[in-house]
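Tertiary structure, described
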Amino acid sequence: MKLESDQLQMWDGKNSKIPPGVQILLVVFCSAPAVAQTAAPPLSPTNIFAPASTPANSIFELSIFVLAVTAAIFVVVFTLLAYSVVKFRKRKNDDGHEPPQVYGSNQVEVAWTVIPILIVVALFMATARVIADIQKVSPSANAIEVVAIGHQFWWEYRYPGLHVVTANELHVPVSEAQHPTPTFIKLLSADTDHSFWVPRLAGKTDLIPNHPNNMWIDPHEAGVYLGQCAQYCGTQHAKMLLRVYVEPRDEFDRWIQLQRQPASTTDVVSEGQRVFQTTACINCHAVAGTVANGRFGPDLTHLMSRETIAAGAALNTPENLRLWLQKPDAIKPGSLMPAMELTDHELDAVTAYLETLR
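What you see is a predicted model, and the numbers here were worked out from it, not measured in a lab. (Residues numbered from 1 in each chain as written. Predicted model: local features only at pLDDT ≥ 70, side-chain atom pairs only at ≥ 80, totals over all residues. Heavy atoms only, no water.)

1. Examining the overall build of the protein
Scanning the protein from N- to C-terminus turns up 9 helices and 12 strands. A buried classification covers 41% of the 358 residues belonging to the protein. Of the contacts made within the protein by residues no fewer than 6 positions apart, 63% connect residues no fewer than 24 positions apart. Accessible area of the protein: about 20,200 Å², with a carbon and sulfur share of 61%. (Helix = DSSP H or I, 4+ residues; strand = E, 2+ residues; numbered from the N terminus. Buried < 20%, exposed > 50% of the residue type's maximum accessible area, 1.4 Å probe, protein only. Contact = heavy atoms within 4.5 Å. Areas by Shrake-Rupley, 256 points an atom, 1.4 Å probe, with all protein chains shown as cover.)

2. Considering unusual backbone geometry
Going from glutamine 152 to phenylalanine 153, the amide bond is cis rather than trans, its omega being 0°. Considering the arrangement of structural elements, one finds phenylalanine 153 in the loop between strand 1 (144-151) and strand 2 (154-159). The phi angle at asparagine 168 is positive, at roughly 70°, despite the residue not being glycine. Relative to the elements of secondary structure, asparagine 168 occurs in the loop between strand 3 (164-167) and strand 4 (169-173). For asparagine 168, a relative accessible area of 8% puts it in the buried group. Positive phi, close to 60°, is recorded for alanine 310, a residue that is not glycine. Tracing the backbone shows alanine 310 in the loop between strand 11 (308-309) and strand 12 (314-315). The exposure class of alanine 310 is buried, given its relative accessible area of 11%.

3. Some words on helix 9 (residues 344-354)
Taken together, the buried positions of helix 9 are Leu347, Ala349, Val350, Thr351, Tyr353 and Leu354. Tucked inside the fold, the buried residues of helix 9 contact helix 6 (270-277) and helix 8 (318-326).

4. Quick look at the packing of helix 3 (residues 54-87) against helix 4 (residues 106-135)
Contact pair helix 3 / helix 4: the axes reach a minimum separation of 10 Å and the direction vectors enclose 175°. By the angle between their axes, helix 3 is roughly antiparallel relative to helix 4. Where helix 3 approaches helix 4, its residues Pro55, Ser58, Ile59, Leu62, Phe65, Val66, Val69 and Ile73 are matched on the opposing element by Ile119, Ala122, Leu123, Ala126, Thr127, Val130 and Ile134. Split into classes, the residues belonging to the contact of helix 3 with helix 4 amount to 13 nonpolar, 2 polar and no charged. (Axes fitted to C-alpha atoms, helices over the stretch in contact; angles between N-to-C directions. Parallel < 35°, antiparallel > 145°, perpendicular 65-115°, else oblique. Nonpolar A, V, L, I, M, F, W, Y, C, P; charged D, E, K, R; others polar.)

5. Let's talk about the packing of helix 6 against helix 9
Close contact between helix 6 and helix 9 brings their axes to 7 Å; oriented N to C, the two are set at 105°. In terms of axis orientation, helix 6 runs roughly perpendicular to helix 9. Facing Glu271, Gly272, Gln273, Val275 and Phe276 of helix 6, the residues of helix 9 in contact are His345, Glu346, Ala349, Val350, Tyr353 and Leu354. A class-by-class count of the residues in the contact of helix 6 with helix 9 yields 6 nonpolar, 3 polar and 2 charged.

Right under this line is the structure:
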């Protein structure tokens, strides 16, 4: 799966649990697109081999076990194949006669039946144990609860106990060993099947209409963790990206306080607000403290507190914001957001208004 280079998180190689040689190969392979962009900072691969959460670490350990078993099978099979090729190769003094044929061997047949069964059972039991260990965890008293709703093609996040609604960028606190603060996520879908996958934090979990699923994460390191909708959900599935901001508890609490505040505007942008509120924008979007209370699109109350727009498809800059309003397909072909056909003056006014929603 391809992730845009400017969407990959910073990664400290010394924290990875894979050998240095493999680290180098992964960095070269996965961050190659970033080389052409000299302005970009050092980037990291987004993969399961650098877990930063308990569920991801369990999956990582299971993956290493499976890789070790399959590698051992490969070595045995390749060794036997190489031995057969060398031992029974055609020789110069070959008289052309067919070698003696051996028909049937109970010992061999039992071996190649029993051994694969034992291997499959071992892999099944190991996988079942990891799944059970992850799923049996219950929310603690200090856990953060989030409802994640998948839409075509963006993410809605609701914090029921904290009275916060946001979109596309999930904020959670660091879970420290002394003060564990896991985040439990209830997964819902508003339309079709989606899949929530942030490789360094947890495994894939599907969002299925009318069938709530649950998952949890307890990130041990602050940073931005990237993911992707991992279930094809329509034209813009590839640009339905995930960004999880893991912050120290004081920063997370400060973010929550800011998100609880109503939208702040000034008289300078009143024209843009008027245009916004008298067009179809308010049918889809909500802005707290105003008449805009749509539910089909992202909540825009604190739009400018987000680093990206269009579910991570573009950086949240005035230029990109204006282009998104003017022609959504220019950023996200197949997007369900319609072009509003505003004049240049109206576009400038609405863009200025949206820039005040911090």
